[in-house]
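# Structure at a glance
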Amino acid sequence: MSRFDASRFLSRLGPRSPQPVEYCATIVVRSAVTKLDALAIVALAVDRPVENQRTMRPQVPLAEGAWVEIEIPKFGEPPPLAIDVYSTVSDDHARLQALTLLATLEEYTGWSIRPDFTL
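All figures in this text were calculated on a predicted structure; none of them were measured in a lab. (Residues numbered from 1 in each chain as written. Predicted model: local features only at pLDDT ≥ 70, side-chain atom pairs only at ≥ 80, totals over all residues. Heavy atoms only, no water.)

### Remarks on the pattern of salt bridges
Quick reminder of the rule: A pairing counts as a salt bridge when a side-chain nitrogen of Lys or Arg comes within 4 Å of a carboxyl oxygen of Asp or Glu. Each helix is a run of DSSP H or I of at least 4 residues and each strand a run of E of at least 2, with the numbering of both proceeding from the N terminus. Burial here depends on accessible area, computed with a 1.4 Å probe over protein chains only, as a share of the maximum for the residue type. Under 20% is buried, over 50% is exposed, and the range in between is partly exposed.
Here the structure, examined in full by the defined rule, presents four salt bridges. A salt bridge links Glu-22 to Arg-57, with the nearest nitrogen and oxygen atoms 3.6 Å apart. Of this pair, Glu-22 sits in the loop between helix 1 (6–13) and strand 1 (23–29) while Arg-57 sits in the loop between helix 2 (35–46) and strand 2 (60–61), and the two are 35 residues apart along the sequence. For Glu-22, a relative accessible area of 40% gives the class partly exposed. Asp-91 serves as the salt-bridge partner of Arg-95, at 3.1 Å between the closest nitrogen and oxygen. Of the two residues, Arg-95 and Asp-91 are both situated in helix 3 (residues 91–109); the distance of four residues between them amounts to about one turn of the helix. Assessed through its relative accessible area of 26%, Arg-95 is described here as partly exposed. Connected through salt bridges with shared partners, the residues Glu-22, Arg-57 and Glu-69 form a single ionic network.

Put into structure tokens, the structure is as follows:
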């Protein structure tokens, strides 16, 4: 009876390239808005297209190495809506991009938004 050897199996797959680190800073919208509407509004506010549409992780690109993804409340929970700003550069970069987006969206939409991280 042969025993499965995971290390031998994985070695046949070859070396894997390391995944880039993703830093995240979340801002919270206190208004009722759907994920699709929020993605469209963010894209219009920053004048960028929504990428990866019709996937599990649609996103709006921001500055180099940064992008926005939107989390919807689960199981019919009421707002708030979480807007996650990711960066592959650094945690500070993610926070700066999140605060910049927060100011842009408040001006563009009139939404009440707060950062979900310490300043």
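We are not done yet, so read on.
### Here's the deal with helix 2
This is how it is decided: Expected helix span is given by 1.5 Å per residue-to-residue step, counting one fewer step than there are residues. Summarising the geometry, the arc corresponds to the directions from the helix axis toward the C-beta atoms. The contact criterion used throughout is that any non-hydrogen atoms of two residues lie within 4.5 Å.
With 12 residues, helix 2 extends 16 Å between its outermost C-alpha atoms, agreeing within 8% with the 16 Å of an ideal straight helix rising 1.5 Å per residue. Restricting attention to buried positions, one finds in helix 2 the residues Ala-38, Leu-39, Val-42, Ala-43 and Ala-45. Looking straight down helix 2, one finds its buried side chains confined to an arc of 165 degrees; they lie on one side. Projecting away from the buried face of helix 2 at angles above 90 degrees are the exposed residues Leu-36 and Leu-44. Among the structural elements, strand 2, strand 3 (66–71), strand 4 (81–87) and helix 3 are those in contact with the buried residues of helix 2.

### Examining the environment of His-93
For His-93, the location among the structural elements is in helix 3. The exposure class of His-93 is buried, given its relative accessible area of 16%. Placed 70 residues apart in sequence, His-93 and Tyr-23 show a C-alpha to C-alpha distance of 8.4 Å.

### Some words on the sheet that holds strand 5 (residues 113–115)
What counts, and what does not: One requirement defines pairing of two strands: DSSP has to find at least two bridges between them.
Taking strand neighbours across the sheet as the criterion, the five strands line up as 2-3-4-1-5 in an open arrangement whose pairing is antiparallel. Only two strands of the sheet have a single partner each, and these edge strands are strand 2 and strand 5. Summarising the sheet, strand 2 and strand 3 pair through two bridges and their orientation is antiparallel. Each residue of the ladder has a partner; that of Val-60, found in strand 3, is Val-68.

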